[in-house]
Amino acid sequence: EDQVTQSPEALRLQEGESSSLNCSYTVSGLRGLFWYRQDPGKGPEFLFTLYSAGEEKEKERLKATLTKKESFLHITAPKPEDSATYLCAVQRRQLTFGSGTQLTVLP
Amino acid sequence: GAVVSQHPSWVICKSGTSVKIECRSLDFQATTMFWYRQFPKQSLMLMATSNEGSKATYEQGVEKDKFLINHASLTLSTLTVTSAHPEDSSFYICSAVPGLAGDHTDTQYFGPGTRLTVL
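Rules behind the numbers
- Residues numbered from 1 in each chain as written.
- Chains lettered and ligands numbered in written order.
- Predicted model: local features only at pLDDT ≥ 70, side-chain atom pairs only at ≥ 80, totals over all residues.
- Heavy atoms only, no water.
- Salt bridge = Lys/Arg side-chain N within 4 Å of Asp/Glu carboxyl O.
- Helix = DSSP H or I, 4+ residues; strand = E, 2+ residues; numbered from the N terminus.
- Buried < 20%, exposed > 50% of the residue type's maximum accessible area, 1.4 Å probe, protein only.
- Disulfide = S-S within 2.5 Å.
- Pairing = 2+ DSSP bridges.

K.L.:
Looking at this model, I keep getting lost on the pattern of salt bridges. Mind explaining?
P.N.:
Where charged atoms of side chains with opposite charge meet at close range, the side chains can pair. All names here are of chain A. If you walk through the whole model with that rule in mind, you get seven salt bridges over all chains. Asp 2 is the salt-bridge partner of Arg 92, the closest N and O atoms lying 3.1 Å from each other. One end of the pair, Arg 92, is in the loop between β9 (84–91) and β10 (95–97); the other, Asp 2, is in the segment before β1 (3–7), with 90 residues separating them in the sequence. Linking Asp 39 and Arg 37 is a salt bridge whose minimum nitrogen-to-oxygen distance equals 3.1 Å. The exposure class of Asp 39 is partly exposed, given its relative accessible area of 26%. Relative accessible area serves as the criterion here: at 15%, Arg 37 is assigned to the buried category.

Right, here's the structure in full:
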């Protein structure tokens with residue numbers, strides 16, 4: 001059974017305080033690992049897809065990396081508008097989501 | 001690009017009535033769409049996979065006679081919650097994968113969600 005575990009469950013940062021979110025996964029035959037951002041009452045917004053260990057992708061203050069067992073979402077110098085729940089999902093036959101990390105960036 | 005819309009964004013209905021939710025891909029075609037539900041403070045749970053021109057595939061524990069899915073075209077899928085009850089109250093979210101059969105693009109783009117409240 002595919003499993004995705006995200007940590008921490010919640011993270012509070014001061015504006016400008018860089019940190020990382022973790023996504024550990026167990027899946028056989030990984031087709032892709034996805035990061036999404038979800039704001040309250042909204043659908044997930046696509047951020048990144050990673051396909052193989054060693055791959056990295058960046059978008060503004062966000063950088064996603066992938067190993068054979070986990071993925072990290074690094075947030076550099078976050079701003080209050082980065083506050084959201086960040087979801088990680090792995091794909092084999094379908095997407096299996098983690099429970100998310102709720103990020104709050106304080107001004 | 002890759003915009004998905006849902007309608008309505010919220011709906012309140014009485015117990016026993018049926019509710020239809022539409023999911024449209026606005027700027028791309030999608031042979032495959034997905035329907036999820038999300039309870040407060042929980043992650044997304046896949047309900048069913050909707051394939052254009054064929055029957056939907058339901059996940060274990062999801063009643064196909066209660067949650068009717070119709071993938072009418074390459075840009076439209078509908079979810080009908082039949083004989084809704086208060087326990088069906090949830091946030092329903094659809095997603096779509098750009099491309100036609102045989103493509104290898106797997107990224108799902110999500111709609112904004114529909115909040116269903118059954119009284």
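K.L.:
Whenever I open this one, the state of the cysteines confuses me. Can you help?
P.N.:
A disulfide bridge is the covalent bond that connects two cysteines by way of their sulfur atoms. Following the criterion strictly, the structure yields two disulfides over all chains and no others. Through a disulfide, A:Cys23 is tied to A:Cys88; the S-S separation comes to 1.9 Å. Negative torsions about the S-S bond denote left-handed disulfides, and the value of about -60 degrees found for A:Cys23 with A:Cys88 makes this one left-handed. Highlighted residues: A:Cys23 in strand β3 (residues 19–26) and A:Cys88 in strand β9, separated in sequence by 65 residues. With a sulfur-sulfur separation of 2.0 Å, B:Cys23 is cross-linked through a disulfide to B:Cys94. An S-S torsion of about 80 degrees defines the bridge between B:Cys23 and B:Cys94 as right-handed.

K.L.:
What is the right way to read the pairing of strand β8 (residues 70–75) of chain A from this model?
P.N.:
Moving residue by residue along a regular strand, the side chains alternate between the two faces of the sheet. Residue and element names in this part refer to chain A. Alternating residues of β8 divide into Ser 71, Leu 73 and Ile 75, all buried, and Glu 70, Phe 72 and His 74, none buried. Two strands pair when backbone bridges link them, and β3 and β8 are joined in this way by six bridges, in the antiparallel orientation. Pairing of Asn 22 across the sheet is with Phe 72, part of β8. In this sheet, β8 lies alongside strand β7 (residues 62–66) in antiparallel orientation, the contact comprising five bridges. Paired with Thr 65 across the strands is Phe 72, a residue of β8. Here β7 folds back onto β8 in antiparallel fashion, the turn holding three residues.

Nothing here speaks to function; it is geometry throughout.
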